[in-house]
Amino acid sequence: MTVGIGAVCEEGEQPEVVVAADRMVTVGQTGGVEYEDTSTKIEVLLDGEGISAAVVGSGTSTIIDSIIKTARDYTAQNRIETIGGAKDIVLSAYKTQVQESVQNRVLSGMGYKLADFRDKEQDIPTEIQKEVLSASSELRQKMAKQAQILLAVATENNAAIYLIAGNDYSNFSDIGYAIIGSGTDSARLTFIRRSYDSTCEFPESLFTVAEAKSQAEERQGVGQDMDLVRISGKSINKFSNSEIKTIRKRLSDIKTAEMEARQNVITDWGRNTE
C-alpha cells in the first residue's frame, strides 16, 4: 500500500495545495510484494501556465502506472484550462483502465469485445449479458480497492482535491484535505486534531501535511521516505531532501514544546490545589 496526502491552503489570496507521499509500492495483484522505490510517487500532469496538477496513486503499481500514463496521453492531446477539466481527464483514464480490464479478464474468454455490446445489430443472449454485467461490476469493485488516485489541482483562482476510484470520484476540496492508502486513519487524526480546513495558510498546511505523513509511518505498509510538493497555478515546487529533513526537525521541536507546555500546566495545577 502507501500513503498519499493532499491539503488545500492559501498563500495570501493565492490558493495552493500541499501534497506528500511515501515511496512504498506494491507489485502483484494477489497479495503483492511491497518495497520502497527510489523514485517519487507524486506524478506531475500539468505544471504552470495558469493551472498545475499532480497525482498520487495507492494500490497495485502496474494498474496505477497504466492509469497515469493514459492520463498523460489525454493531457497531451487536450488543452486543460480548468480544475474540472483536469478531473475529467484523470477520471477518463481510470475508466479506460477498467474497460481494458473488463475486456481482458471478462469478455475475451467469452469471445466478445466491448464494441459488440454497443452494436445494436449484435444478438447477444440475455444470459451472457447478465453474466458480463455481474462480472464487470465485481471487477470495478475490485479495482476500486486495487487503485485509488489522489488528484491535486490549482489555478490562479482556486484549488481542489479529488479522490478517484472505481469509475467515480469524490471532491474533498471543501473539507480541505484528502488521504489515500494504508496510513489513512493515522494521518486523518492529525488533521482532525489541528481543526484543519481549506482556509489555512501555507505554513500551517505544510507542517500539518508533514506531521500527518510522519504519523502515518507508524502503520504497516507505509514507507519512511517522504516526498513533498507545493502546487499553485503558476508552478509545482518540490521540496529538497535537506528541506524535508529541516521540516522533520521542526516537527520534533514542536512536539517537544507541546509536551513541555502540557507538563507545565499540569505542574501549575497541582501546586494551586495544594
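Novice: Explain the overall build of the chain to me, using residue names and the numbers behind them.
Specialist: Secondary structure assignment for the chain yields seven helices and twelve strands. With the C-alpha coordinates of the chain rotated into their principal frame, the extents come out at 85 × 40 × 35 Å. Among the 274 residues that make up the chain, the fraction classed as buried is 46%. Partitioning the contacts of the chain with sequence separation of at least 6, the portion at a separation of at least 24 is 63%. Only carbon and sulfur atoms are counted for the fraction: they give 46% of the accessible area of the chain, which is about 14500 Å². Each charge sign in the chain was given a centre, from 30 positive and 41 negative side chains, and these centres are 3 Å apart.

Novice: Run through the sheet that holds strand E2 (residues 14-21), naming residues and quoting values.
Specialist: With antiparallel pairing, the five strands of this open sheet are ordered in space as E10-E1-E2-E11-E12. Each end of this open sheet is capped by a strand with a single partner; those strands are strand E10 (177-181) and strand E12 (236-238). Between one strand and the next, the sheet's axes are offset by a mean angle of 20°, whatever the strand orientation. Pairing analysis gives three bridges linking strand E11 (residues 227-231) to E12, with the strands arranged antiparallel. Paired with Val229 across the strands is Lys238, a residue of E12. Against the sheet, helix H5 (residues 184-193) engages strand E1 (3-11) and E10, with an angle of about 165° to E10.

Novice: Can you lay out a nonpolar patch on the surface for me, pointing to particular residues and giving the numbers?
Specialist: A grouping of Val27, Val33 and Tyr35 is seen on the molecular surface, where their side chains present a nonpolar patch of about 260 Å² in accessible area. Checked against the element boundaries, Tyr35 lands in strand E4 (residues 33-36).

Novice: Can you explain unusual backbone geometry? Please cite residues and give values.
Specialist: One non-glycine residue, Asn167, lies in the positive phi region at around 70°. As for its placement among the helices and strands, Asn167 is situated in the loop between strand E8 (159-165) and strand E9 (168-171). Here Asn167 falls in the partly exposed class, since its relative accessible area comes to 23%.

Novice: Account for helix H7 (residues 241-272), naming residues and giving values.
Specialist: The end-to-end C-alpha distance of H7 is 47 Å, a good match for the 46 Å that 32 residues give at a rise of 1.5 Å each. Inspection of H7 places Ile244, Ile247 and Leu251 among the buried residues, and these make up the whole buried set. As for H7, its buried residues are in contact with helix H6 (202-216) and E11.

Novice: Tell me about the nonpolar core, residues and numbers included.
Specialist: Counting residues in hydrophobic clusters, the biggest one holds 35 residues, and the most contacted among them are Tyr94, Ile149, Leu151 and Ile164. Listed by contribution, the elements that provide at least two residues to this core are strand E5 (42-46), strand E6 (51-59), helix H1 (61-77), helix H2 (83-107), helix H4 (126-146), strand E7 (147-155) and E8. Broken down by element, this core gets its largest block of residues, eleven residues, from H2. When neighbours within four sequence positions are excluded, Tyr94 is seen to be in contact with Ile67, Met143, Ala144, Ala147, Ile149, Ile164, Ala165, Gly166 and Asn167. In terms of nonpolar packing, the next biggest core, distinct from the first, is built from 25 residues, Tyr196, Leu206, Met226 and Leu251 among them.

Novice: Describe the pattern of salt bridges, with residues and values.
Specialist: By the definition in use, this model includes 13 salt bridges. A salt bridge links Arg188 to Asp185; the shortest N-O distance between them is 3.3 Å. Here Asp185 and Arg188 lie together in helix H5, a separation of three residues that amounts to about one turn. By relative accessible area, which is 45% here, Asp185 ends up partly exposed. Glu217 serves as the salt-bridge partner of Lys213, at 2.5 Å between the closest nitrogen and oxygen. Each of Glu11, Glu16 and Arg230 takes part in one network of salt bridges that share partners.

Novice: Tell me about the state of the cysteines, and please be specific about residues and values.
Specialist: Counting across every chain of the model gives zero disulfides. Free cysteine: Cys9, not disulfide-bonded; nearest cysteine sulfur from Cys200 at 8.4 Å. Of the residues examined, Cys200 reaches a relative accessible area of 15% and is grouped as buried.

Novice: Residues and numbers for the environment of Arg219, please.
Specialist: Inspection of the secondary structure assignment puts Arg219 in the loop between H6 and E11. Each C-alpha atom, one on Arg219 and one on Thr155, is 34 Å from the other, the two residues being 64 residues apart in sequence. Not counting chain neighbours up to four residues away, the residues in contact with Arg219 comprise Ser182, Gly183, Asp185 and Ser186.

Novice: Go over the packing of aromatic side chains, please, and point to the residues and values.
Specialist: Inspection of the entire model under this criterion finds four aromatic pairs. A ring pair is formed by Tyr177 and Tyr196, whose centres lie 6.3 Å apart and whose planes are at 80°; its orientation type is edge-to-face. Residue Tyr177 is found in strand E10, and its partner Tyr196 is found in the loop between H5 and H6; the two are separated by 19 residues along the sequence. A residue is classified by how much of its surface remains accessible, and Tyr196, at 7% relative accessible area, is buried. For the ring pair Phe191 and Tyr196, a centre distance of 5.3 Å and an interplane angle of 90° mean the geometry is edge-to-face. By way of ring pairs, the aromatic residues Tyr177, Phe191 and Tyr196 are connected into one cluster. Just above the ring of Phe202 sits the side chain of Arg230; from NZ or CZ to the centre is 3.6 Å.

Rules used throughout
Residues numbered from 1 in each chain as written. Predicted model: local features only at pLDDT ≥ 70, side-chain atom pairs only at ≥ 80, totals over all residues. Heavy atoms only, no water. Helix = DSSP H or I, 4+ residues; strand = E, 2+ residues; numbered from the N terminus. Buried < 20%, exposed > 50% of the residue type's maximum accessible area, 1.4 Å probe, protein only. Contact = heavy atoms within 4.5 Å. Areas by Shrake-Rupley, 256 points an atom, 1.4 Å probe, with all protein chains shown as cover. Lys, Arg positive; Asp, Glu negative; His and termini not counted. Charge placed at Lys NZ, Arg CZ, Asp CG, Glu CD. Pairing = 2+ DSSP bridges. Axes fitted to C-alpha atoms, helices over the stretch in contact; angles between N-to-C directions. Patch = residues over 30% accessible without salt bridge, like charges linked within 9 Å, V, L, I, M, F, W, Y side chains within 5 Å. Salt bridge = Lys/Arg side-chain N within 4 Å of Asp/Glu carboxyl O. Expected span 1.5 Å × (residues − 1). Core = buried A, V, L, I, M, F, W, Y, C linked by side-chain atoms within 4.5 Å. Disulfide = S-S within 2.5 Å. Phe/Tyr/Trp six-rings, centres within 6.5 Å; stacked < 30°, edge-to-face > 60°. Lys NZ or Arg CZ within 6 Å of the ring centre and 35° of its normal.

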